[in-house]
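In case you want the letters, here they are:
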Amino acid sequence: MMRSLNTAASGMVAQQRNLDTIANNLANVNTNGFKSQRAEFQDMVYQNVRPSGGVSGGVQQPSGMQIGLGTQFSATTGEFRQGSFQNTNNPMDLAIGGEGFFAVELPDGTRAYTRDGSFKTNSSGELVTSDGFKLADGITIQTGASALSISKNGTVQAKYPGQNEAVTVGQIKITVFPNPAGLTRLGQNLYAEGGASGTGEEKEAGAEGAGGIQQGYLEGSNVEIVEEMVKMITAQRAYEINSKAVQTSDDMLSVLNNLKR
């Protein structure tokens, strides 16, 4: 009887982790470039009371006897489908239409990667994220630029006073990973290269499988609110039914304890 208590309790713990994942998705419904996560579960070990094909009374049993011991939270898988584009008309807002990430340089010299293209310029004219992390491509817009143009392949051009034509100031590359779901989330809309992500490869935007750059747009979160609400209701019902199993097991144990009276 105690097995059912532990089994149902494992289901409650798993659904709590599931709800934690859903809540994080919903909390980031307005986060630029956010990629939703999906909770995954797996059954736990089984108690083998009787093996399959065992012989009892000279007759082979057609099936075994196994008692499951519950479930466990096994992984969170990132959903890297494209988010919707939002037109901002800001020349420094960039969205990636397809695969890949912008590479940024962290204060310790390491690189991180993001889908959030809401770039600004710092006091030196360098393109940086909202947290001040420099774009790894080293794009600098000098003071006095009257026009900024970023093409689909990432070529950055600016026009300055006294010049008839725009000049090229650099090119923004896109980093593509074999397995984006293996990246480590750092917060602040950043990812770090992880063991399962594979090694990132810098490519020209819009070529060799890398997504093209759309100037004046931002990629929104790919969280589907209705889908997450359905998942939340399902998790709630699963949690409730597991708690009912705990309560029922407790009631049955109480009956057993009262037999001696």
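The model shown is predicted, which means the values in this text are computed figures rather than measured ones. (Residues numbered from 1 in each chain as written. Predicted model: local features only at pLDDT ≥ 70, side-chain atom pairs only at ≥ 80, totals over all residues. Heavy atoms only, no water.)

### Quick word on the pairing of strand β15 (residues 155-159)
- Of the two faces of β15, only one is covered, namely that formed by Val156 and Ala158; the face formed by Thr155, Gln157 and Lys159 stays uncovered.
- Where strand β14 (residues 147-150) hands over to β15, the hairpin turn is made up of four residues, of which Gly154 adopts a positive phi near 90°.
- Sheet topology note: the β15/strand β16 (residues 167-171) ladder contains four bridges and is antiparallel. Note on β16: the bridge partner recorded for Val156 is Gly170. (Buried < 20%, exposed > 50% of the residue type's maximum accessible area, 1.4 Å probe, protein only. Helix = DSSP H or I, 4+ residues; strand = E, 2+ residues; numbered from the N terminus. Pairing = 2+ DSSP bridges.)

### Side note on the pattern of salt bridges
- Evaluation of the coordinates by the stated rule reveals ten salt bridges.
- Linking Glu40 and Arg38 is a salt bridge whose minimum nitrogen-to-oxygen distance equals 2.6 Å.
- Given a relative accessible area of 26%, Glu40 falls into the partly exposed group.
- Linking Lys134 and Glu126 is a salt bridge whose minimum nitrogen-to-oxygen distance equals 3.6 Å.
- Overall, the relative accessible area of 38% leaves Lys134 in the partly exposed class. (Salt bridge = Lys/Arg side-chain N within 4 Å of Asp/Glu carboxyl O.)

### Section: the packing of helix α1 (residues 2-27) against helix α2 (residues 225-257)
- Two elements in contact, α1 and α2, have axes whose closest approach is 8 Å; the angle formed by their N-to-C orientations is 160°. Classified by the angle their axes make, α1 and α2 are roughly antiparallel. Here α1 and α2 pass one another in a crossing that is left-handed.
- Partitioned by chemical class, the residues of the contact of α1 with α2 number 17 nonpolar, eight polar and three charged. (Axes fitted to C-alpha atoms, helices over the stretch in contact; angles between N-to-C directions. Parallel < 35°, antiparallel > 145°, perpendicular 65-115°, else oblique. Left-handed = near helix turned anticlockwise from the far one by under 90°. Nonpolar A, V, L, I, M, F, W, Y, C, P; charged D, E, K, R; others polar.)

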